[in-house]
Amino acid sequence: MNPTLEPTRSASALRHSPLVFAGSDPFAADEVRRTLQARTGDPDLACRVIRALEPGERAVVSAAFRADGPVVAHLVTPRALGRAEPSPVEVRVHDVVPEPDRSAYVDLVATALDRIEGADVAKVVRGRCLEGHSSPALSPAEVTATLLDRRPGRYVFSLPLDDRPEAPWLVGASPELLVRRRGVEIASTPLAGSVPRSPDPDEDSRRAAALADSAKDLAEHAFVVDHIAAALGPACEWLEVPAAPEVLATDSMWHLASPIRGRLRAPEDLTAPDLAQLLPPPPAVGGVPTPEATDLIDELEGPGLRGPFGGFVGWMDGDGDGELAVTIRAGVLDGERLRLFAGAGIVAGSDPLAEADETAAKLSTMTRAGGL
Ligand SMILES: C=C(O[C@H]1C=CC=C(C(=O)O)[C@@H]1O)C(=O)O
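None of these values were measured; they are calculated from a predicted model. (Residues numbered from 1 in each chain as written. Predicted model: local features only at pLDDT ≥ 70, side-chain atom pairs only at ≥ 80, totals over all residues. Heavy atoms only, no water.)

With respect to the nonpolar core
Counting 53 residues, the largest nonpolar core has Val-49, Ala-59, Val-124, Leu-264, Leu-275, Phe-312 and Ile-346 as the members making the most contacts within it. A total of 6 residues in this core trace back to one element, the largest contributor, which is helix H2 (residues 102-117). Among residues more than four places away in sequence, those in contact with Leu-264 are Arg-181, Gly-183, Val-184, Ile-186, Ala-235, Cys-236, Glu-237, Leu-270 and Leu-275. Among the nonpolar cores identified, the runner-up in size contains 25 residues, and Phe-21, Ala-29, Leu-161 and Trp-169 belong to it. (Core = buried A, V, L, I, M, F, W, Y, C linked by side-chain atoms within 4.5 Å. Buried < 20%, exposed > 50% of the residue type's maximum accessible area, 1.4 Å probe, protein only. Helix = DSSP H or I, 4+ residues; strand = E, 2+ residues; numbered from the N terminus. Contact = heavy atoms within 4.5 Å.)

Structural data, given as structure tokens:
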């Protein structure tokens, strides 16, 4: 890793797939002119990216969850995103291994609940992974085409995680906007408090209504909204936080969502990634209080489980504008391996079995996209 954010390799055509970020302003790119690499928390990150950008370019960025984890920024010239062609069906053999398995996950949620009762933390997001092996290997292009076609979450992304031709790719469809900046205007839509959807339409609507009324989920949601409002508020002339969350649907989940909007006091001082870095780690994937929850995540999950998952992914331009999503409902595709992550927020009153079902439903967004 290059901590100085110097370019590590020059223009390379993307062999496997176009690079894609499809949010409120969707685009793709077929070539990476330069790739810059750094560490999360680098205060000069945005400045150096801006200096390296040429007119008309954007930097497509992925930052890891962990403080001091890797950040990659690919400098690209965006093109319009065409219609997604559903990929041809290939016959594949898949082998899927959970990490940890369901019963170990249930036990770890119970341990997190003990720590909440002991008042070490008020909320913590406990994650788990699934590792799929597919033969023949899935390609980023086909997983991305499926995600663009089905749109299970609002922010579809696909990018290499470093500058090597054989780099692993991060692919996914996050439903969660960490932060968007357009000039003085900013927005963030934290999600927290969730329930899996049902194939039965009546039961599905009943679950959405129950979620909107659930004291435990509303409390879990409030932790995240309060954290974002406290972090962004001082940078804003005004910040508008909805009085109550709305209910947002993905392919597999209902979530409580609060669309927050604000107007920056001094936009020249705060680019989109600067704003994202005011929120480390993204609270919908971390916990409260942040330092204790982050330590507990390390202790319960182990430091290597998340990688880019739970960080942020998106783009910025030379004006510091951009749109960054929380890296969830995502996978890392590395040859024949597809590694997936899902987490669930644990608060007083959480039920370990329900949290295991919730993470299974969240994982299904990407197992479906990969045909696993
Ligand atoms: C951590 C994840 O979801 C977060 C985002 C929405 C709702 C969440 C929840 O209700 O627990 C999580 O905080 C994930 O999808 O892996």
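Let us keep going from here.
Regarding the side chain of Glu-358
With respect to the helices, strands and loops of the structure, Glu-358 is situated in helix H8 (residues 352-370). Apart from residues no more than four positions distant in its own chain, Glu-358 is found in contact with Ser-194, Pro-196, Met-253 and Ala-344.

Regarding the side chain of Arg-181
Its location among the elements puts Arg-181 in strand E11 (residues 177-182). In this structure the side chain of Arg-181 is engaged in a polar contact, spanning 2.7 Å, whose partner is the backbone oxygen of Leu-270. Within polar-contact distance, the side chain of Arg-181 engages the backbone oxygen of Asp-319 at 3.1 Å. If we ignore the near neighbours within four places in the chain, the residues touching Arg-181 are Ile-186, Leu-264, Pro-267, Glu-268, Leu-270, Thr-271, Ala-272, Leu-275, Asp-319, Gly-320, Asp-321 and Gly-322. (Polar contact = N/O pair within 3.5 Å; in protein donor to acceptor, adjacent residues only side chain to side chain.)

Remarks on the sheet that holds strand E16 (residues 253-257)
Taking strand neighbours across the sheet as the criterion, the 3 strands line up as E13-E16-E15 in an open arrangement whose pairing is antiparallel. Among the strands making up the open sheet, the edge pair consists of strand E13 (191-196) and strand E15 (246-249). Strand after strand, the sheet turns through a mean of 30° between neighbouring axes, direction not considered. In the sheet, E15 pairs with E16 via 4 bridges, with the strands oriented antiparallel. Across the sheet, the residue bridging to Ala-249 is Trp-254, located in E16. Of the strands in this sheet, E13 and E16 are in contact with helix H5 (residues 215-232), which crosses E13 at around 150°. Of the strands in this sheet, E13 and E16 are in contact with H8, which crosses E13 at around 90°. (Pairing = 2+ DSSP bridges. Axes fitted to C-alpha atoms, helices over the stretch in contact; angles between N-to-C directions.)

A word on the site of the ligand
Near the ligand, the surroundings consist of 18 residues, among which Ser-194, Ala-284, Arg-329, Gly-343 and Gly-345 are the closest. In the environment of the ligand, an oxygen atom lies 2.9 Å from a nitrogen or oxygen atom belonging to the backbone of Gly-193. Gly-343 places a main-chain nitrogen or oxygen 2.8 Å from an oxygen atom of the ligand. Within the complex, the protein chains bury 100% of what would otherwise be the 380 Å² of accessible surface of the ligand. Put simply, the parts of the chain that give the shell around the ligand at least two residues each are E13, strand E22 (337-347) and H8. Among the elements that make up the shell around the ligand, the one with the highest residue count is E22 (5 residues). Each residue belonging to the shell around the ligand can be placed in one class, and the counts come to 8 nonpolar, 5 polar and 5 charged. (Near = heavy atom within 4 Å. Areas by Shrake-Rupley, 256 points an atom, 1.4 Å probe, with all protein chains shown as cover. Nonpolar A, V, L, I, M, F, W, Y, C, P; charged D, E, K, R; others polar.)

Describing the environment of Ala-360
Here Ala-360 shows up in helix H8. Sequence spacing of Ala-360 and Arg-83 is 277 residues, and the spatial spacing of their C-alpha atoms is 30 Å.

Overview of the packing of aromatic side chains
The relative placement of two aromatic rings is captured by the distance of their centres and the angle of their planes. Evaluated as defined, the whole model comprises 3 aromatic pairs. The interplanar angle of 85° and the centroid separation of 6.2 Å between the aromatic rings of Phe-27 and Trp-315 together place this pair among those described as edge-to-face. With Phe-27 in strand E3 (residues 27-29) and Trp-315 in strand E19 (residues 312-317), this pair connects stretches of sequence that are 288 residues apart. For Phe-27, a relative accessible area of 2% puts it in the buried group. (Phe/Tyr/Trp six-rings, centres within 6.5 Å; stacked < 30°, edge-to-face > 60°.)

Description of unusual backbone geometry
Here the bond from Glu-99 into Pro-100 is cis, since omega is -5°, no more than 30 degrees from zero. If you trace the backbone, Pro-100 turns up in the loop between strand E7 (93-99) and H2. Across the junction of Val-288 and Pro-289, the peptide omega takes the value -10°, indicating a cis bond. Here Pro-289 shows up in the loop between strand E18 (287-288) and helix H7 (290-301). Within the chain, Arg-151 stands out as a residue other than glycine whose phi angle is a positive 45°. Mapped onto the secondary structure, Arg-151 falls in the loop between helix H3 (140-150) and strand E9 (155-160). Looking at Arg-151, the relative accessible area reads 35%, which means it is partly exposed. For Arg-329, which is not a glycine, the phi torsion comes out positive at approximately 50°. Note on placement: Arg-329 falls in the loop between strand E20 (322-326) and strand E21 (330-334).

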